[in-house]
Amino acid sequence: MGLKRLTVNLRIAVVQLNPQIGHLEETVVRAHSLVRRVERYQPDIVVFPEFALSGYSFHSRAEISAHLCRPQEGPAWEFCQQISRKLSCVTVMGYPERGDNQQAYNSALVVDEEGKLAFNYRKSFLYDTDEEWQCAENPAGFQAFELPLKGKARDHDGHVHDVKLRSAIGICMDLSPYKFKAPFQECEFSTYQLEHGTELLIVPMAWLHASSVTRDTADPATGKAEIARTMDQLGLPLHGSQNQFQVNIKLRDGTCEEECPGNGTLTSAPSDAGVASSYSDLSRPDQQNLDYWTIRFMPFLACKWRENWFVEKALKPILAKFKGSRFTYLGSSLKAPWLFENKNALLVLCNRCGAEDGATVYAGSSGFLKFNGQYGNEEEILNSSNRSVELLGNLGKGYEGVIVRDVSFEIER
Ligand code: GLN
């Protein structure tokens, strides 16, 4: 009773970087120049990728050891503090964490406007590469936390409110099925966040492009040769593009800045249209990944089949299998066909770009998705064309850059 609907207005900047192991200083310089491009717009939150400054592809504990830091020490902490204080913003950044007792984690810092540590999240679901350096899983599992924001919410009468936004960090593989083995439709991360009423989801990533050589690649040598040939055709070194910045800023007051390396088109390689896995059109987002990320948030997506399913009472036996560990499945609870109906949530995806080891190509495509909680009885198609998902903008797959948006969404208090 007495819940009020408030509109939250935030300006968020997402920085896409191509960090290489052993080149920390250069990465810090590029990260600073990207922040400088947007500082006059005074973003409320600035987000950086997983392992944003260190590079991602470590292959042993010995190799990563010198890069591990306690949360409030080292280059990521110093960088975030600097940005937070200079811009009076919240800064989020992925980094390799040194834990107690020889533990190491893949973590992300949340630093508040004053430069204080607001939250430190550790990745829960690990990717193959994390396991190569004996990364430990987050002992707490998925988490949600309250992010205090001053004066960012308004009620219908125009009164301004301070709010604690229900927020969460997910790091890359957290979005995927556990060890790629759990049933796809269990949507572990998004189910947890739906059940916890999370309103702001921030996801730093080092998400792979489909052209990467992985444990599933049938012929790794040919795969690597293909990557080398593609980078060569694009006129890029084997590690991909650095220092060619894509800038994409669209604000409520009409401010619009768009800057695209190479005029946005690269004619030397075929476009995405035909071969889904081709690494081309670097200034355009990777549709395959956008659709995949979207469907991993199935509990937040409109889907008319839920109503039937609910009516047929198929849900009860399914939920019983989880023995009380969850009360929703694919977004349905026993009380509501769609728990998210009429709610809002904002998803901020911050991926890296470039390539490492001549084998791992990253998918970039950082940007924003808003789940609007509408069209629950209408939508059938579960990808980014579903009308309950608003695509607020994405960077391309291959260039470093920054995207800024004014986002607004409703919460209840
Ligand atoms: N599922 C992710 C991918 O395939 C995992 C990568 C990561 O956790 N960095 O890219």
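What you see is a predicted model; the values in this text were computed from it and never measured.

Asks: Help me out: how do you make sense of the overall build of the protein chain in this one?
Replies: Of regular secondary structure, the protein chain possesses nine helices and 18 strands. Taking 413 residues into account, the globule formula puts the C-alpha radius of gyration at 22 Å, and the protein chain, at 21 Å, falls close to it. In terms of principal-axis extent, the alpha carbons of the protein chain reach across some 60 × 50 × 50 Å. Across the 413 residues that make up the protein chain, the buried fraction comes to 57%. A sequence separation of at least 24 residues applies to 72% of the contacts in the protein chain between residues at least 6 apart. Total accessible area on the protein chain is roughly 17200 Å²; 51% of this is exposed by carbon and sulfur atoms. Side-chain charges in the protein chain split into 44 positive and 52 negative, and the spacing between the mean points of these groups amounts to 4 Å.

Asks: Would you mind showing me how to read helix α6 (residues 220–233) here?
Replies: Residues spaced three or four apart along an α-helix point in a common direction, a consequence of the helix completing one turn every 3.6 residues. Over its 14 residues, α6 runs 20 Å from end to end, which matches the ideal 20 Å to within 8%, given 1.5 Å per residue. Looking only at α6, the buried set comprises G223, I227, T230 and M231. Looking straight down α6, one finds its buried side chains confined to an arc of 95°; they lie on one side. Among the exposed residues of α6, those oriented more than 90 degrees off its buried face are A221 and D232. At its buried positions, α6 is contacted by β14 (355–356) and β15 (360–361). Positive phi shows up at G235, right after α6, with a value of about 75°.

Asks: Hey, could you run me through the environment of E259 in this one?
Replies: Structurally, the position occupied by E259 is in strand β10 (residues 256–259). The class for E259 is partly exposed, based on a relative accessible area of 38%. Taking the C-alpha atoms as reference points, E259 and Q244, 15 residues apart in sequence, are found 9.9 Å from one another. Once residues within four sequence positions are removed from consideration, E259 is found in contact with R37, F245, Q246 and V247. Looking at E259, its side chain comes within polar contact range of the side chain of R37, at 2.7 Å.

Asks: Would you take a moment to explain the packing of aromatic side chains for this structure?
Replies: To describe a pair of aromatic rings, you give the distance between the ring centres and the angle between the ring planes. Scanning all chains against the criterion turns up 21 aromatic pairs. The structure contains a cluster of three or more aromatic residues connected by ring pairs, namely F125, F142, Y178, F189, Y192, F297, F300, W338, F340 and F371. In this structure, R122 is placed above the aromatic ring of Y105, and the distance from its NZ or CZ to the ring centre is 3.8 Å.

Asks: What's the story with the nonpolar core in this structure? I'm lost.
Replies: Nonpolar side chains in soluble globular proteins generally cluster together in the buried interior. Of all hydrophobic cores here, the largest spans 70 residues; its most connected members are I12 and F371. If you tally residues by element for this core, the top one is strand β13 (residues 345–351), at six residues. Residues within four places of I12 in sequence aside, it is in contact with I45, V47, L200, L346, V348, F368, I403, V404, R405 and V407. Of all hydrophobic cores here, the second largest spans 29 residues; its members include V46, F79, C80 and M93.

Asks: I keep staring at the environment of E114 and nothing clicks. Help me out?
Replies: Relative to the helices and strands, E114 is located in the loop between β4 (104–111) and β5 (117–122). Note on E114: relative accessible area 46%, which makes it partly exposed. Along the backbone, E114 and V90 are 24 residues apart, and their C-alpha atoms lie at a distance of 8.5 Å.

Asks: Looking at this model, I keep getting lost on the confidence of the model for the protein chain. Mind explaining?
Replies: Keep in mind that low pLDDT regions are not for reading the predicted coordinates in detail. Confidence in the prediction for the protein chain averages 95 pLDDT; 96% of positions are at 70 or higher. Segment residues 264–274 is flagged for pLDDT under 50; beyond a separation of four residues in sequence, or across chains, it makes 22 contacts in the model.

Asks: How should I be thinking about the site of the ligand in this particular structure?
Replies: The environment of the ligand is made up of E50, Y56, K123, Y127, C172, M173, S176, F180, A206, W207 and L208. Taking E50, its side chain carries an N or O atom lying 3.1 Å from a nitrogen atom of the ligand. The separation between a nitrogen atom of the ligand and a polar main-chain atom of A206 is 3.1 Å. Coverage of the ligand by the protein amounts to 94% of the 300 Å² it exposes when considered alone. A per-class count over the shell around the ligand returns eight nonpolar, one polar and two charged.

Asks: Quick question: what am I supposed to make of helix α1 (residues 24–38) here?
Replies: With 15 residues, α1 extends 22 Å between its outermost C-alpha atoms, agreeing within 8% with the 21 Å of an ideal straight helix rising 1.5 Å per residue. Within α1 the residues assigned to the buried category are T27, R30, A31, H32, S33, L34, V35 and V38.

Asks: Mind showing me how you'd approach the side chain of S176 here?
Replies: With respect to the secondary-structure elements, S176 resides in the loop between β7 (160–169) and α5 (188–195). Residues contacting S176, with those up to four places away along its chain left out, are F125, E188, W207, Y292 and R296.

About the criteria used
- Residues numbered from 1 in each chain as written.
- Predicted model: local features only at pLDDT ≥ 70, side-chain atom pairs only at ≥ 80, totals over all residues.
- Heavy atoms only, no water.
- Helix = DSSP H or I, 4+ residues; strand = E, 2+ residues; numbered from the N terminus.
- Rg over C-alpha atoms; globule rule 2.2 N^0.38 Å.
- Buried < 20%, exposed > 50% of the residue type's maximum accessible area, 1.4 Å probe, protein only.
- Contact = heavy atoms within 4.5 Å.
- Areas by Shrake-Rupley, 256 points an atom, 1.4 Å probe, with all protein chains shown as cover.
- Lys, Arg positive; Asp, Glu negative; His and termini not counted.
- Charge placed at Lys NZ, Arg CZ, Asp CG, Glu CD.
- Expected span 1.5 Å × (residues − 1).
- Arc of directions from axis to C-beta.
- Polar contact = N/O pair within 3.5 Å; in protein donor to acceptor, adjacent residues only side chain to side chain.
- Phe/Tyr/Trp six-rings, centres within 6.5 Å; stacked < 30°, edge-to-face > 60°.
- Lys NZ or Arg CZ within 6 Å of the ring centre and 35° of its normal.
- Core = buried A, V, L, I, M, F, W, Y, C linked by side-chain atoms within 4.5 Å.
- pLDDT = per-residue confidence, 0-100.
- Near = heavy atom within 4 Å.
- Nonpolar A, V, L, I, M, F, W, Y, C, P; charged D, E, K, R; others polar.

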